[in-house]
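Take a look at the letters that make up each chain.
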Amino acid sequence: MDPDDAVQNPEEKEYSSVCVGREADIKKSERMTAVVHDREVVIFYHRGEYHAMDIRCYHSGGPLHLGEIEDFDGRPCIVCPWHKFKITLATGEGLYQSINPKDPSAKPKWCSKGIKQRIHTVTVENGNIYVTLSKEPFKCDSDFYATGKYKVIRSSP
Ligand code: FES
């Protein structure tokens, strides 16, 4: 996108990609945090793939950049350090285990609550990492902590 277009159209600016760091650095640290158009995000490098999402957990605003990554049902998830909610890195779905109360002998099954954490797009160009905020129009639970009065990062006056 032509940077001049972004300046003329503030809505477009919000969705323009932002350079957040160097590929060599995130490959070493395996995660980094960034502010992209006043939105706090965390970027993970896990098994050769990049994933970006809102940094505050959709449940109560926990710091996802301090969580551990573990596989559940074969899907890599960030485990929120506050109450251990599991969020898939690839899609932002909240996972939980359920059992059939009518069949107590049944094994607990992993289920999805749907997309709870907003996922953003990561691209790599010339060794630099860029994040483009999600334009998906649906209301995502993590928006609550990424915008409005619970937002940690404030726009500069
Ligand atoms: Fe993340 Fe509660 S704040 S699990």
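Residues numbered from 1 in each chain as written. Predicted model: local features only at pLDDT ≥ 70, side-chain atom pairs only at ≥ 80, totals over all residues. Heavy atoms only, no water.

**Q** Just to check I follow, could you spell out the UniProt feature "domain: Rieske" (unreviewed entry) in the chain for this structure?
**A** If you check UniProt for "domain: Rieske" (unreviewed entry), the listed places come out as residues 18-131 in our numbering. Secondary structure within residues 18-131 divides into 6% helix and 54% strand; the distance between the first and last C-alpha atoms comes to 5 Å. (UniProt positions renumbered as here; feature names shortened; annotations may be inferred. Helix = DSSP H or I, 4+ residues; strand = E, 2+ residues; numbered from the N terminus.)

**Q** Help me out: how do you make sense of the sheet that holds strand β3 (residues 39-46) in this one?
**A** Pairing between sheet strands relies on hydrogen bonds along the backbone, with the strands arranged either parallel or antiparallel. Read from one edge of the open sheet, six strands run β1-β11-β10-β4-β3-β2, paired in antiparallel fashion. The open sheet terminates on both sides in strands that have one partner only, identified here as β1 (18-22) and β2 (31-36). Adjacent strand axes in the sheet meet at a mean angle of 30 degrees when their direction is disregarded. Pairing analysis gives four bridges linking β1 to strand β11 (residues 128-132), with the strands arranged antiparallel. The residue bridging G21 from the neighbouring strand is I129, located in β11. (Pairing = 2+ DSSP bridges. Axes fitted to C-alpha atoms, helices over the stretch in contact; angles between N-to-C directions.)

**Q** Explain the nonpolar core here, please?
**A** The nonpolar side chains of soluble globular proteins are, as a tendency, buried together. With 14 residues, the main nonpolar core has V20, I26, V36 and I43 as its most contacted residues. Mapped onto this core, the elements with two or more residues apiece are β2, β3, β4 (49-54) and β11. Not counting residues up to four positions away in its chain, the partners in contact with V20 are M32, A34, V36, I43, I129 and V131. (Core = buried A, V, L, I, M, F, W, Y, C linked by side-chain atoms within 4.5 Å. Buried < 20%, exposed > 50% of the residue type's maximum accessible area, 1.4 Å probe, protein only. Contact = heavy atoms within 4.5 Å.)

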